[in-house]
Amino acid sequence: MSAVSSAFQSNEPVNASEYDVIVIGSGIGGLVTATQLASKGAKVLVLERYLIPGGSAGYFEREGYRFDVGASMIFGFGTNGTTNLLTRALKAVNMSLETIPDSVQIHYHLPNGLELKVHRDYEKFLQELTSHFPHEQQGIRRFYDECWKVFNCLNAMELLSLEEPRYLMRVFFQHPFACLGLVKYLPQNAGDIARRYISDPQLLKFIDMECYCWSVVPADRTPMINAGMVFSDRHYGGINYPKGGVGQIAGKLVEGLVKAGSEIQYGARVTQIILEDGTAVGVKLANGKQYRAKRIVSNATRWDTFEKLLPSEAMPASEKRWQKRYQKSPSFLSLHLGVNSEVLPSGTDCHHILLEDWEKMEDEEGTIFVSIPTLLDPDLAPPEHHIIHTFTPSWMEQWQGLSPKEYQHKKEEAAERIIKRLEKIFPGLTAGLDYQEVGTPRTHRRFLGRDDGTYGPIPRGKLAGLLGMPFNRTAIPGLYCVGDSTFPGQGLNAVAFSGFACGHRIAVDLGL
Ligand SMILES: NC(=O)c1ccc[n+]([C@@H]2O[C@H](COP(=O)([O-])OP(=O)(O)OC[C@H]3O[C@@H](n4cnc5c(N)ncnc54)[C@H](O)[C@@H]3O)[C@@H](O)[C@H]2O)c1
Ligand SMILES: CC(C)=CCC/C(C)=C/C=C/C(C)=C/C=C/C(C)=C/C=C/C=C(C)/C=C/C=C(C)/C=C/C=C(\C)CCC=C(C)C
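Predicted, not measured: the structure shown is a model, and the values here were computed from it.

Comments concerning the site of ligand 2
Around ligand 2 there are 28 residues in total, and Met73, Val183, Trp214, His352 and Tyr455 lie nearest to it. For ligand 2, the protein covers 91% of the area, taking 1000 Å² as the surface of the free molecule. When residues of the shell around ligand 2 are traced back to their parent elements, those giving at least two are α6 (165–174), α7 (176–185), α9 (201–215), α10 (224–236), β15 (351–354), β16 (368–371) and α16 (492–509). Of the residues forming the shell around ligand 2, the biggest block, four residues, is contributed by α10. Taken together, the residues of the shell around ligand 2 sort by class into 23 nonpolar, five polar and no charged.

Quick word on the site of ligand 1
Around ligand 1, 30 residues are found, and the nearest of them are Gly29, Glu48, Ser56, Ser72 and Arg450. Between Ile28 and ligand 1, the recorded distance is 3.4 Å, taken from a backbone N or O atom to an oxygen atom. Contacts to ligand 1 include Gly29, whose backbone N or O atom sits 2.9 Å from an oxygen atom. Within the residue set of the shell around ligand 1, elements represented by two or more residues are α2 (28–39) and α16. Looking at the shell around ligand 1 residue by residue, the class counts come to 12 nonpolar, 13 polar and five charged.

Things to note about α9
Here α9 spans 20 Å end to end across 15 residues, near enough to the 21 Å set by a 1.5 Å rise per residue. You can read the cap of α9 off the contacts: a side-chain oxygen lies 2.7 Å from the backbone nitrogen of Gln202, and it is on Asp200. Backbone geometry just after α9 places Val216 at a positive phi near 60°.

Conventions we followed
Per chain, residues are indexed from 1 in the order of the written sequence. Here every chain gets a letter starting at A, and every ligand a number starting at 1, in the order they are written. Per-residue local features are limited, in this predicted model, to residues with pLDDT of at least 70; the limit for side-chain atom pairs, both in listing and counting, is 80 or more; totals at the level of whole chains, interfaces and linings are taken over all residues. The side-chain values count all of the structure's non-hydrogen atoms but skip hydrogen atoms and water molecules. Residue proximity to a molecule or strand is established when one non-hydrogen atom of the residue lies within 4 Å of it. The accessible surface values rely on the Shrake-Rupley method and a 1.4 Å probe; as for residues, cover is taken only from the protein chains in view. Labels follow the DSSP assignment, with helices taken as runs of H or I lasting at least four residues and strands as runs of E lasting at least two, numbered in each case from the N terminus. Think of it as three bins: nonpolar holds Ala, Val, Leu, Ile, Met, Phe, Trp, Tyr, Cys and Pro, charged holds Asp, Glu, Lys and Arg, and polar takes everything else, Gly as well. The definition of a polar contact used here is a pair of N or O atoms within 3.5 Å, where within protein one atom must be able to donate a hydrogen and the other to accept one, and adjacent residues in sequence count solely through side-chain atom pairs. To estimate how far a helix should reach, multiply one less than its number of residues by 1.5 Å.

This is the structure we're talking about:
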């Protein structure tokens, strides 16, 4: 056995496990897994390297502002159906959150003066889009209606682990047509379906942007199942912002976890997953402490899990194959701004997308995303002030090898470029600035522990929809993954699904 691999072996005697399950990381994926299991009576230990829970759905406070770290456009807080997974995850541990409905999902500011809003009201949205492309009236309706078909299949059934044959049999008998519908859509991408109905190149570019702004890839590489969820749920459950900020979601899940008798530790950075005879049996922390459990779950990205927490020889062939099909998406350059309220004209919407040239949609600093949560919850900023959180794709390579002074300077230059472009939507932004904090891919890597600060995995080329995304079990016995590097990918509601599925599979494996 090599020196590397022996470092990952435990020297401790084989004791009975202290915990049923250890979850590495308290992102929403990790917390939903933990709370699902705790609610079924499992004793769970969540180990979080940072000081608060939530990961990308965390927050930080500066000078009277409470900024969301990342996630801000929140799906999954609906009241009906089965796809309201955040509502359901909280309810499982007797928790709930007050949320504020957003009447517009996105206000787009696109090339050639294409200005339009995605209203919560489906018909109003279709009307507004059709007014820009009247010759595509039928195609527009047929494409978005097909998204509803996917959503209606999902929203009819209990959403649990697709790796659990008895559940699959049960949902198949309860909802045979919905299951067959999903089987049909699983290998498809949204772009193929859009092109079936739509031919106008500008409109197809708009559909690309509709996908890109949450999947970070154009429609041809965006799984149809995910497009069906996003393009329909925004009109069904809607986009709803948690009162008190996004950080409340993780806060409440932790409260429920602890009330259910399980534990979370902060400042607890896992450096190794301990293997015995090739099975994951525990973890080792940076402070040298070791914990053992019957099952180990990693909420870190697959790159972090298999390249940093395990010895390189333990990398399963299936992971190597997965890395050939998927790559890390770019990270983001994020500006957390505090502004005087005069900067925002009355009637300003909460979320905006700005792009001036279609050719630059996928480029570094191409598309600009804007979120103004204080329009929904004014208490997140001092009186007469607002938060503008704006971000744009950025790669780690741009930010490495710089002296502290160069790094600072580069951040300031980048912030100036973004703010100048935003002046188009918010004239007076520069003059109205009260606070500014700039995050780079390095910031995301440091605070979220995500390799290269990545937003998550994206297909290297065109793949068969969602079929290539791994479920929660891994090739290493005892080790599961959860979060955005598992089926169905990025997004809080998506990682909440992965948490439900992971919790379910482990509960069955443990006989709970
Ligand atoms: N809706 C939006 O507006 C929006 C915006 C940005 C991101 N998001 C999404 O939010 C989702 C976040 O979900 P997630 O659950 O996959 O992950 P996450 O990255 O949010 O959470 C992972 C957690 O694990 C912790 N961690 C990592 N390595 C560790 C280690 N070795 N030891 C201990 N702790 C460790 C991190 O500190 C972090 O808290 C992503 O899908 C992202 O795409 C959404
Ligand atoms: C039995 C038989 C035969 C069969 C079976 C079949 C089946 C059952 C199948 C199933 C399937 C399933 C369940 C699936 C599921 C799925 C899901 C849940 C999905 C989900 C998804 C979600 C998503 C994707 C979401 C996303 C979101 C996002 C990402 C967001 C983002 C946002 C952002 C970034 C922001 C931006 C903007 C501004 C700021 C402006």
